[in-house]
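Chain and residue survey
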Amino acid sequence: MCQVSQDSRLPAEFEITDYCHPIGSGTKNVLAVQVFKWSDGSYLEDQDHWWLSGIHRDVLLLAKPSVFIADYFFKSNLAEDFSYANIQVEVKIDYSRETSKENILAKYTLEAALYDTGGWHKTNGYSDLISSNVANLKLNLSSSRSAVPGFRGYFLEGKLGVPRLWSAEQPNLYTLVVILKDESGSIVDCESCLVGIRKVSKAYKQLLVNGHPIIIRGVNRHEHHPRLGKTNIEACMVKDLVLMKQNNINAVRNSHYPQHPRWYELCDLFGVYMIDEANIETHGFDYSGHLKHPTLDPSWAPAMMDRVISMVERDKNHACIICWSLGNESGYGPNHSASAGWVREKDPSRFLHYEGGGSRTSSTDIVCPMYMRVWDIVKIAKDPNEIRPLILCEYSHAMGNSNGNIHEYWEAIDSTFGLQGGFIWEWVDQGLLKDGPDGSKNWAYGGDWGDFPDDLNFCLNGINWPDRTPHPAMHEVKYVYQPIKVSFIEQTLQLKNTHFYETTEELEFSWAVHGDGWKLGSGILSLPLIKPQSSYDIEWQSAPWSTLWSSSSAEDFFLTITAKLLQSTRWVEAGHVISSAQVQLPAKRKFVPHLIKTKDAAFHSEIIEDSIKISQQNLWEIILNVRTGAFKSWKVEGVSLINKGIFPSFWRAPTDNDNGGGSASYLSLWKAAHIDRLHYITESCSIQNKTDHLVKITAVFLGVPKEDGSSSNLENKDYLIKTEMIYTIYSSGDVIVECNVKPNPNLPPLPRVGVEFHLEKSLDQITWYGRGPFECYPDRKAAAHVDIYKQKVDDLHVPYIVPVESSGRADVRWVTFQNENGFGIYASIYDNSPPMQLNASYYTTTELQRATHIEDLMKGDTIEVHLDHKHMGVGGDDSWTPCVHDKYLVPAVPYSFSIRFSPITPTTSGQDIYKSQLQN
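As recorded by an unreviewed UniProt entry, the chain carries the name beta-galactosidase and is attributed to Ziziphus jujuba. Listed under Sequence similarities (unreviewed entry) in UniProt, the entry text for the chain is "Belongs to the glycosyl hydrolase 2 family." The UniProt entry for the chain carries the following comment under Catalytic activity (unreviewed entry): "Hydrolysis of terminal non-reducing beta-D-galactose residues in beta-D-galactosides."

In structure tokens form, the structure reads like this:
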């Protein structure tokens, strides 16, 4: 016997009874499976992921009696007020091997029952099956029918009063048991599964679950294991769901094929809404215009429909599935219409999804675009003629350092009727472990095995590394997905419970208020119970932090509200933070520019050849080259600090999003303008003023393109950016750097505008007052709270598999770099300059740009520090067009900013120095 199957993700069942030899027959049974790498079915499986050959599902032999339960379909029909549910189970009996096929129920009895087993795990191991029986289903003979020859369909029906409904917030499940007995009452066959009772329905511009317009806070998930590839293990599935739930993710799209059967059972159990997607993608036909597209060709209809039908038939009893998908990126045509018609007839209880053909065809019940811009989804939602909800099937492409702008999507979703969320692309970097030459194991991607053609690192676009370590962007995802929203408007703090089913009864709220980084106070926030989709307002005057605010002399005030779980759940221990938000409180006074408070002590200065040496006894010493305008050295009590800098800086190691878009990409524009090859020559440098208490030096740098690695004749080239840097060195040891930047107005948006300098590598203890503690950028910082943080330089580094610009910290007011003995340097915003973007790394920008794998990176002998007045966002709407939103671009216009540097000793701190420059 030879049988075949072409869908690599769904079960292939083969009847082998007539070919099996019984035990004792003396004949050996041999089961042989041959796997073909390619077939005509391959044209329907052109997904963007690893194409790995083999069998990715379980293989088993199943023995059944001659008459058995072949299939069953659980259905529930809820009353309008959800007070009861009519239950129906359609059961198919296979009696094809019976010699007599007449009146099969004369010899057999069919039963079904529903059990509420949800509390069994709380009964110390004791389970009372009889008392947990909540419904017995009776056979309705008038509804029975012949399914196909040798099969018969029967309907068992019953009623359940006051059902516990299933949702992602409250995943209540019942145990369904279907039993087939013979004439003597003995059990012949039995089937069972967990089922959920819930209602998916439509309203104008809404998808409703149990009458509520749920919000999809979702991710796309490919099946991927860092060692096993496309093969699944349950531990990995559980880890995925635990991480999803801990980070407020409530929905998953199975991209782009049906997944392992255990995945569905776990999603039912943990509570995750699901789009189940057929194993159809014909991406490659986009490049084959001379061929008729499969969806337009009737000869492909059976193959396409078989994949859709088989998915529905396998997965139909899972409560988590609220929507069927006809596949992904396969154009649109009559074969989709035929598939849609079959699904709607078979299972009208769920929505239908398909993005192809423009995401608004008649074969989808959801407007489901991918990577559509915020303003465009809002436009569709406000179109009165579009009656369907809009849910982004893919958005926020998480390739490398990405997911910028995601908060803008959620500002729109939270405030626009008709928008119901979306699915981030994607859950995990599809990197595979590969042995390095030295025996180490490293993450590998397309081409690393000599495979060609390949997609390079285009499958490294998850919010987790392959081992499920979250990327920094996961913090932003958790924040925009959090169910408790906090806002502060016109002296009123509002807390909104965006849950649809859960109250705040199981949450503990707390507050903390900080002034200029100092913790002024904290406590438990006593609140009345907030019902689902309700809010509670706290007036400013009655808040417990108002007196702390009024009595403090701080300049910046931040209030943090946190909500924690009081009880442990299936996916996390008690005390887990589900929501945390920070709001800036009103300033108590008008802003006064920062000013230096100098000491009266005089210092010593002398000119040595082309340098000026400025020092104060043995406390500190600065040597600045007055020909180049660069610091030659800076020492504090004999400890060397800066050994290179301070220079203008406009370049960053390109991100994947910088590189997306071909000739229109940011990287292409930067290269065309020669920004990637900027070299700084000193047009002039001179001492402007010199007294016993200060020295003022002005240096003018011209940024010119460096060609072919040579710096010869640079003086003769037209400059791209002119930067005036004014150093004012005070007797206190403070150095104020005023920067005036004038770019050529014809330049494209700049990667950054700031300064760069190199510190001794021993100054690896970093403390900063700004956003953190994790990596954040101007367009991805909503989750990062403003506070004082401490880390080591190594800990700042983010090991993206392909090195890119990374490790930044946003909105920094001040930062210190110290060695283990407490000596170092302080830097802060000054005068009326806004907070800075900070980056500090042992890996230079050049090195990050050079390396193609994280293990290729070579540490430098210094710490490269960037303090940016402006830094371009990382983008993330997609990774193949320039998509940084306008407000996060850095246009080529003049900029002026100031930075204060000051020596740090074991007896001083960054907070003290910063406080000293605030005007009381």
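Next comes the rest of the description.
This next bit is on the overall build of the chain. Across its full length, the chain holds 13 helices and 44 strands. For 920 residues, the compact-globule estimate of 2.2 N^0.38 gives 29 Å, and the chain sits close to it at 33 Å. Each principal axis of the C-alpha distribution contributes one length, and for the chain these read about 115 × 65 × 60 Å. In the chain, buried positions account for 56% of the 920 residues. Once local pairs closer than 6 in sequence are excluded, the contacts in the chain between residues at least 24 apart make up 70%. In the form shown here, the chain has an accessible surface area of approximately 39200 Å², with 51% of it arising from carbon and sulfur atoms.

Moving on, we get to the packing of aromatic side chains. Enumeration according to the criterion identifies 29 aromatic pairs in this entry. Geometrically, the ring pair formed by Phe458 and Trp880 is tilted, given 6.2 Å between the ring centres and 50 degrees between the ring planes. In this pair, Phe458 is assigned in the loop between strand E18 (441–444) and helix H7 (473–481) and Trp880 in the loop between strand E43 (862–871) and strand E44 (895–904), connecting sequence segments 422 residues apart. By relative accessible area, Phe458 is classed as partly exposed at 25%. Both rings, one in Trp651 and one in Trp670, keep their centres 5.6 Å apart while their planes meet at 80 degrees; by these two values the pair is edge-to-face. Taken as a pair, Trp651 in the loop between strand E31 (642–649) and helix H9 (656–659) and Trp670 in helix H10 (residues 666–672) lie far apart in primary sequence, 19 residues in all. As far as the burial class goes, Trp651 and Trp670 line up, both buried. Members of the aromatic cluster, joined through ring pairs, are Phe631, Trp634, Tyr727, Phe757 and Phe901. Sitting over the ring of Trp449, Lys434 keeps its end group 5.5 Å from the ring centre. If you follow Arg813 out to its NZ or CZ, it ends over the ring of Tyr769, 5.6 Å from the centre.

A separate point is the nonpolar core. Tyr273, Trp545 and Ile561 are the most contacted members of the largest nonpolar core, which totals 108 residues. Setting aside chain neighbours within four positions, we find Trp545 in contact with Leu493, Trp511, Val513, Leu525, Ile538, Trp540, Leu559, Ile561 and Leu585. One finds Tyr666, Phe701, Tyr769 and Phe897 within the second-largest nonpolar core, a separate group that totals 78 residues.

Within the open sheet, the 5 strands sit side by side as E26-E27-E28-E29-E30. Their pairing is antiparallel. Each of the sheet's edge strands pairs with one partner strand only, and the pair in question is strand E26 (604–608) and strand E30 (639–640).

Of the strand pairs in this sheet, E26 and strand E27 (residues 611–616) are connected by 5 bridges, and their pairing is antiparallel. Residue pairing in the sheet places Ile607 in a bridge with Ile612 of E27. The turn joining E26 and E27, which pair antiparallel and follow one another in sequence, is formed by 2 residues; a positive phi near 55 degrees is taken by Glu609.

With that settled, consider helix H5 (residues 374–381). By the burial criterion, the buried members of H5 are Val374, Ile377, Val378, Ile380 and Ala381. Projection of H5 onto a plane perpendicular to its axis shows the buried side chains occupying an angular sector of 160 degrees, all on one side. Taken together, the buried residues of H5 touch strand E15 (390–395), helix H6 (406–415) and strand E16 (419–424).

The N-to-C vectors of helix H3 (residues 301–315) and helix H4 (residues 334–346) enclose an angle of 25 degrees; their axes lie 9 Å apart at closest approach. Taken together, the axes of H3 and H4 are roughly parallel relative to one another. Crossing angle aside, the handedness with which H3 passes H4 is right-handed. Across the interface between the two elements, Ala301, Met304, Met305, Val308, Ile309, Val312 and Glu313 from H3 touch Asn335, His336, Ala338, Ser339, Trp342, Val343 and Lys346 from H4. Grouping the amino acids of the contact of H3 with H4 by side-chain chemistry returns 9 nonpolar, 3 polar and 2 charged.

To continue, consider the pairing of E15. Burial analysis of E15 places 6 of its 6 residues in the buried class, which makes it a mostly covered element. Both E15 and E16 contribute to a ladder of 3 bridges, which runs parallel. Of the residues in E16, the one forming a bridge with Tyr395 is Ile424. Handedness of the E15-H6-E16 crossover: right-handed.

So, about the pattern of salt bridges. Counted under the stated rule, the structure contains 44 salt bridges. The partner of Arg164 in a salt bridge is Asp116, and the shortest N-O contact between them spans 2.6 Å. In this pair, Arg164 is assigned in the loop between strand E5 (151–161) and strand E6 (174–182) and Asp116 in the loop between strand E3 (108–115) and strand E4 (133–146), connecting sequence segments 48 residues apart. The class of Asp116 is partly exposed, set by a relative accessible area of 23%. Ionic pairing is found between Asp240 and Arg221, a salt bridge with its closest N-O pair at 3.0 Å. One end of the pair, Asp240, is in helix H1 (residues 234–246); the other, Arg221, is in strand E10 (residues 216–221), with 19 residues separating them in the sequence. Given a relative accessible area of 0%, Asp240 falls into the buried group. Look at the salt bridges and you will find they share partners, linking Asp71, Glu313, Lys316 and Lys346 into a network.

Attention now moves to the sheet that holds strand E11 (residues 251–254). Across the sheet, 7 strands lie side by side as E14-E13-E12-E11-E10-E16-E15; this open sheet has parallel pairing. The outermost strands of the open sheet, each flanked by one partner alone, are strand E14 (351–353) and E15. Recorded for the sheet is a direction-independent mean angle of 25 degrees between the axes of neighbouring strands. Sheet strands in contact with H6 are E10, E15 and E16, and its direction is about 155 degrees off that of E16.

Because an α-helix packs 3.6 residues into every turn, residues spaced three or four apart end up facing the same way. Residues of helix H2 (residues 261–270) that are buried: Trp263, Tyr264, Leu266, Cys267, Asp268 and Phe270. Looking at the residues trailing H2, positive phi occurs at Gly271, about 90 degrees.

Of note, Asp877 is situated in the loop between E43 and E44. Look at Asp877 and you get buried, because its relative accessible area is 0%. Separated by 3.3 Å, the side chains of Asp877 and Asn405 make a polar contact. A polar contact is formed between the side chain of Asp877 and the side chain of His885, at a distance of 2.7 Å. Look past the residues within four positions of Asp877 in its chain and what remains in contact with it is Tyr371, Arg373, Ser396, His397, Gly404, Asn405, Tyr409, Cys883 and His885.

What follows covers a nonpolar patch on the surface. There is a patch of nonpolar side chains on the surface, built from Leu31, Val33, Val35, Ile55, Val59 and Leu61 and spanning about 610 Å² of accessible area. Note that Val35 resides in the segment before strand E1 (68–78). Overall, Val35 belongs to the partly exposed group, its relative accessible area being 44%.

Turning our attention to unusual backbone geometry. Here the amide bond leading from Gly645 into Ile646 is cis, since omega sits at 0 degrees, within 30 degrees of zero. On the secondary structure map, Ile646 appears in strand E31. At the junction of Gly772 and Pro773, the peptide bond is cis and its omega measures out at 0 degrees in the coordinates. Of note in this structure, Ser396 is not a glycine but carries a positive phi near 50 degrees. With respect to the helices, strands and loops of the structure, Ser396 is situated in the loop between E15 and H6.

Definitions and limits used
Residues numbered from 1 in each chain as written. Predicted model: local features only at pLDDT ≥ 70, side-chain atom pairs only at ≥ 80, totals over all residues. Heavy atoms only, no water. UniProt positions renumbered as here; feature names shortened; annotations may be inferred. Helix = DSSP H or I, 4+ residues; strand = E, 2+ residues; numbered from the N terminus. Rg over C-alpha atoms; globule rule 2.2 N^0.38 Å. Buried < 20%, exposed > 50% of the residue type's maximum accessible area, 1.4 Å probe, protein only. Contact = heavy atoms within 4.5 Å. Areas by Shrake-Rupley, 256 points an atom, 1.4 Å probe, with all protein chains shown as cover. Phe/Tyr/Trp six-rings, centres within 6.5 Å; stacked < 30°, edge-to-face > 60°. Lys NZ or Arg CZ within 6 Å of the ring centre and 35° of its normal. Core = buried A, V, L, I, M, F, W, Y, C linked by side-chain atoms within 4.5 Å. Pairing = 2+ DSSP bridges. Arc of directions from axis to C-beta. Axes fitted to C-alpha atoms, helices over the stretch in contact; angles between N-to-C directions. Parallel < 35°, antiparallel > 145°, perpendicular 65-115°, else oblique. Left-handed = near helix turned anticlockwise from the far one by under 90°. Nonpolar A, V, L, I, M, F, W, Y, C, P; charged D, E, K, R; others polar. Right-handed = clockwise from strand over helix to strand, strands pointing away. Salt bridge = Lys/Arg side-chain N within 4 Å of Asp/Glu carboxyl O. Polar contact = N/O pair within 3.5 Å; in protein donor to acceptor, adjacent residues only side chain to side chain. Patch = residues over 30% accessible without salt bridge, like charges linked within 9 Å, V, L, I, M, F, W, Y side chains within 5 Å.

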